[in-house]
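Analysis of the macromolecular model
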Amino acid sequence: MKFTPTSLLVTGGAGFIGSNFIHSFIANNPESSVTNLDCLTYAGNLKNLTALEGNPRYCFVKGDIGDAPLVAQLLADKKIDAVVHFAAESHVDRSITGPEIFVRTNVLGTQVLLEESRKHWQSGAVADFRYLQISTDEVYGSLGDTGYFTEETPLAANSPYSASKAGADLLVRAYHETFGMPTLNTRCSNNYGPYHFPEKLIPLLIHNIINKKPLPVYGDGLNVRDWLHVRDHAMAIETVLKKAAPGSVYNIGGNNEWKNIDIVNLVCDLLDQRLGRADGENRTLITFVKDRLGHDRRYAIDASRLQADLGWSPAYTFEQGIAETIDWYLANQEWVSEVTSGSYREYYNQQYGGGVA
Ligand code: NAD
Ligand code: DAU
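The following paragraphs examine the structure supplied in this document. Remember, predicted model here, so these are calculated numbers, not experimental data. (Residues numbered from 1 in each chain as written. Chains lettered and ligands numbered in written order. Predicted model: local features only at pLDDT ≥ 70, side-chain atom pairs only at ≥ 80, totals over all residues. Heavy atoms only, no water.)

Another aspect to go through is the overall build of the protein chain. In terms of regular secondary structure, the protein chain is built from twelve helices and twelve strands. Here the protein chain has a C-alpha radius of gyration of 20 Å; the compact-globule value for 357 residues is 21 Å, and the two agree. For the protein chain, the spread of C-alpha atoms along the principal axes amounts to about 65 × 50 × 35 Å. A total of 357 residues make up the protein chain; the buried ones form 55% of that total. Summarising the internal contacts of the protein chain: among those between residues at least 6 apart in sequence, 82% fall at separations of at least 24. Accessible surface for the protein chain amounts to roughly 14,500 Å². Of this, 52% is attributable to carbon and sulfur atoms. With 31 positive and 41 negative side-chain charges, the protein chain shows a separation of 2 Å between the mean positions of the two kinds. (Helix = DSSP H or I, 4+ residues; strand = E, 2+ residues; numbered from the N terminus. Rg over C-alpha atoms; globule rule 2.2 N^0.38 Å. Buried < 20%, exposed > 50% of the residue type's maximum accessible area, 1.4 Å probe, protein only. Contact = heavy atoms within 4.5 Å. Areas by Shrake-Rupley, 256 points an atom, 1.4 Å probe, with all protein chains shown as cover. Lys, Arg positive; Asp, Glu negative; His and termini not counted. Charge placed at Lys NZ, Arg CZ, Asp CG, Glu CD.)

Next comes the structure, spelled out in C-alpha cells:
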C-alpha cells in the first residue's frame, strides 16, 4: 500500500510530539505542505516552531478541533489529503483532577474531526485520503511483570486520560467499519526528547535537578514505562501514513523498559557529570511522594507488527537519545524558563496579534 500525502492537516502541532513531527515531515517531504491547527492550550507553544516561520510549506491556524465549520473550511480550502491528529489533553495527573476537558477534547473533539473528515473524503475533493489517529499504549491498561501489549490486547484504560483516548480510538474504528473511511491508528509508548513540557517525568527531572529542587517519585518508584525518542515516533507515524493499509492499527515502542527510579537515578548521574557536581549529589534530591491514583504498574509494547509489515525500527539507542535530550535542555534553558514562567503564552500575541490568555 503506497500513499503520497501532499497537503496535511496536523492537529496539536504546537505540542511536544506534533511539533517534532512537523519539523521532520517538512524536512523529509519537500513536495508536501502542512497546516497546523492548534488552539494553544497551556501545552501549545509556538516557540517550538519558530524555525518554520515564513516557510511557504507551513501554515499555522489557531483554532479548536471541536469547531466543525473551521475544520470543514480548512479541509476544503487546503485540499487536505491527510489528517494527522495529535491534539489532545495529554497529562494523566491533570485527568485525575479535572477529567471533563479530557472528554471534551479527546473524545468529542475527535468525533468532530472524524465527521468533517468523512464529509470531505466522501465529497471526492481529493483523489485519496487518510485519517491518522495518534494514540497511546495506555489504552491497553496495565501489565504485570511479564508480557507485552499487542494490537490484539483488549482496550482496558484505567485513567480518565486513557479512557478518553480509548473512546477516541473506538470512534476511529467505527468510522472505518461503518463508513469505510480510510483511517489509521497508532498506539505509542512514552516519548522523550526536545520540546517536552516540563510537567512530564523526564523534562521535570532535568529542570528540577538544574535548579536543585526535589525530584518527586510517585509511590515506590518501581512502575515501568517503555521509552522512545520522539523523532523515532515521528518517523514511525510517517511510515504508517505512507505505507499502512486503511483500517490498520499499529503499536509503536522502543523495546526499552525502565523502572521510574532507574530513570531518575540515570538522569541524576548524567547531570552530575554535566553540571560539575559530585558523584551522587543529584540523587540526594530524590523525594518519594504519594502515589498517583490508579497508577498503571507496567507498560511494554510489542511493536513487531510495525517492523515486520512496514520496516520501521527505532534509530536512537536510549543511551544516545537521553544524552542528547539532556544536552538539548541544557542548551535551551531560555525555552524552559519561558515555559516555566508562562511567558511563552505572550509569543502568539506578539506574532499573530492577541487572543491567548
Ligand atoms: P501535548 O500536551 O504536548 O500537546 C497537545 C497539543 O494539542 C497542544 O499543542 C495543545 O495546544 C493542542 N490542543 C489541545 N486541545 C486542543 C483542541 N481542542 N484543539 C486544537 N488543539 C488542541 O501532547 P503530546 O505529548 O505532544 O501528545 C500528542 C498526542 O500523542 C496526544 O494525542 C497523546 O495522547 C499522544 N501520545 C503521547 C505520548 C507521550 O509520551 N507524550 C505517547 C503516546 C501518545
Ligand atoms: O505511555 C504513553 C503516555 O506517556 C502518553 O499517552 C501520555 O500522554 C504521556 O504523558 C505519558 O504518560 P505517563 O503518565 O506515563 O507519563 P509521565 O511523564 O506523567 O509519568 C511517567 C512515569 O513517572 C509514571 O509512572 C508516573 C511517574 N512520575 C511522573 C511524574 C510527572 C513520577 O514518579 N513523578 C513525577 O513527578
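Let's shift gears to the sheet that holds strand β1 (residues 7–11). Note on sheets: strands pair through backbone hydrogen bonds, and any given pair is parallel or antiparallel. Strand order in this open sheet of seven strands is β3-β2-β1-β4-β5-β6-β10, and the pairing throughout is parallel. The open sheet has two edge strands, β3 (58–62) and β10 (249–252), and neither has a second partner. With strand direction ignored, the average angle separating the axes of adjacent strands in the sheet is 20 degrees. In terms of strand pairing, β1 meets strand β2 (residues 33–38) through five bridges, oriented parallel. Within β2, the residue paired with Leu8 across the bridge is Val34. On top of the sheet, helix α2 (residues 68–77) reaches β1, β2, β3 and β4 (82–85); it is set at about 175 degrees to β2, its chief contact. (Pairing = 2+ DSSP bridges. Axes fitted to C-alpha atoms, helices over the stretch in contact; angles between N-to-C directions.)

The description of an aromatic ring pair uses the distance of the two centres, along with the angle that the planes make with each other. Under the counting rule described, the total for this entry stands at 15 aromatic pairs. Through successive ring pairs, a cluster of aromatic residues spans Tyr195, Trp328, Tyr329 and Trp335. We note Arg94 situated over the ring of Tyr42; from NZ or CZ to the ring centre the distance is 3.5 Å. One residue, Arg130, lies across the ring of Phe3, its end atom 4.5 Å from the ring centre. (Phe/Tyr/Trp six-rings, centres within 6.5 Å; stacked < 30°, edge-to-face > 60°. Lys NZ or Arg CZ within 6 Å of the ring centre and 35° of its normal.)

With that settled, consider the site of ligand 1. In the neighbourhood of ligand 1, 28 residues make up the surrounding shell, with Ile17, Asp38, Ser90, Tyr161 and Lys165 lying closest. A distance of 2.6 Å is found between an oxygen atom of ligand 1 and a side-chain nitrogen or oxygen belonging to Tyr161. Contact between ligand 1 and Asn191: an oxygen atom at 2.9 Å from a main-chain N or O atom of the residue. Burial of ligand 1 by the surrounding chains reaches 96%, relative to a free accessible area of 840 Å². Of all elements in the fold, only α1 (16–28), β5 (130–136), α5 (160–179) and β7 (190–192) reach the threshold of two or more residues within the shell around ligand 1. Ranked by residue count, the leading element in the shell around ligand 1 is β5, at three residues. The residue makeup of the shell around ligand 1, split by class, is 13 nonpolar, twelve polar and three charged. (Near = heavy atom within 4 Å. Polar contact = N/O pair within 3.5 Å; in protein donor to acceptor, adjacent residues only side chain to side chain. Nonpolar A, V, L, I, M, F, W, Y, C, P; charged D, E, K, R; others polar.)

To continue, consider the nonpolar core. Grouped together as the largest cluster of nonpolar side chains are 36 residues, with contacts concentrated most on Leu8, Phe21, Val84 and Leu241. Of all the elements, helix α7 (residues 230–243) adds the most residues to this core, at five residues. Leaving out residues up to four positions away in the same chain, Leu8 has contacts with Phe21, Phe25, Ser33, Val34, Thr35, Ile80, Ala82, Val84 and Leu241. Ile209, Cys268, Leu270 and Phe318 belong to the second-largest nonpolar core, a separate cluster that totals 30 residues. (Core = buried A, V, L, I, M, F, W, Y, C linked by side-chain atoms within 4.5 Å.)

Our focus in this paragraph is the site of ligand 2. Neighbouring ligand 2 are 23 residues; Thr136, Asp137, Tyr161, Arg292 and His295 lie closest to it. One nitrogen or oxygen atom from the side chain of Asp137 is found 2.5 Å from an oxygen atom belonging to ligand 2. In the environment of ligand 2, an oxygen atom lies 2.7 Å from a nitrogen or oxygen atom belonging to the side chain of His295. Among the secondary structure elements, those contributing two or more residues to the shell around ligand 2 are α6 (201–210) and β8 (215–218). The leading source of residues in the shell around ligand 2 is β8, at three residues.

Right, let's get into the packing of α1 against α7. Working note: a packed helix pair is described by the angle between its axes plus the distance between those axes. For the pair α1 and α7, interaxial distance at closest approach is 9 Å and the crossing angle is 60 degrees. Between α1 and α7, the angle falls in the class oblique. In the packing of α1 onto α7, the handedness of the crossing is right-handed. Each of Phe16, Ile17, Asn20, Phe21, Ser24, Phe25 and Asn28 in α1 lies in contact with α7, whose residues at this interface are Val230, Arg231, His233, Ala234, Met235, Ile237, Glu238 and Leu241. Of the residues contributing to the contact of α1 with α7, the split by class is nine nonpolar, four polar and two charged. (Parallel < 35°, antiparallel > 145°, perpendicular 65-115°, else oblique. Left-handed = near helix turned anticlockwise from the far one by under 90°.)

On to the environment of His295. With respect to the helices, strands and loops of the structure, His295 is situated in the loop between β12 (286–289) and α9 (304–310). The buried category is assigned to His295, whose relative accessible area is 14%. Separated by 99 residues in the primary sequence, His295 and His196 have C-alpha atoms spaced 21 Å apart. Other than its neighbours up to four places away in sequence, His295 contacts Tyr218, Asn223, Arg225 and Asn260. A polar contact is formed between the side chain of His295 and the side chain of Asn223, at a distance of 3.4 Å.

Take α5 next. Helical geometry note: an α-helix holds 3.6 residues per turn, so side chains three or four residues apart project in the same direction. Relative to the 28 Å expected for 20 residues at 1.5 Å per residue, α5 spans 28 Å between its end C-alpha atoms, a close match to the ideal helical length. Elements that come into contact with the buried residues of α5 comprise α3 (92–97), α4 (100–122), β5 and β6 (183–188). Gly180, located one to two residues past α5, shows a positive phi value of around 75 degrees. (Expected span 1.5 Å × (residues − 1).)

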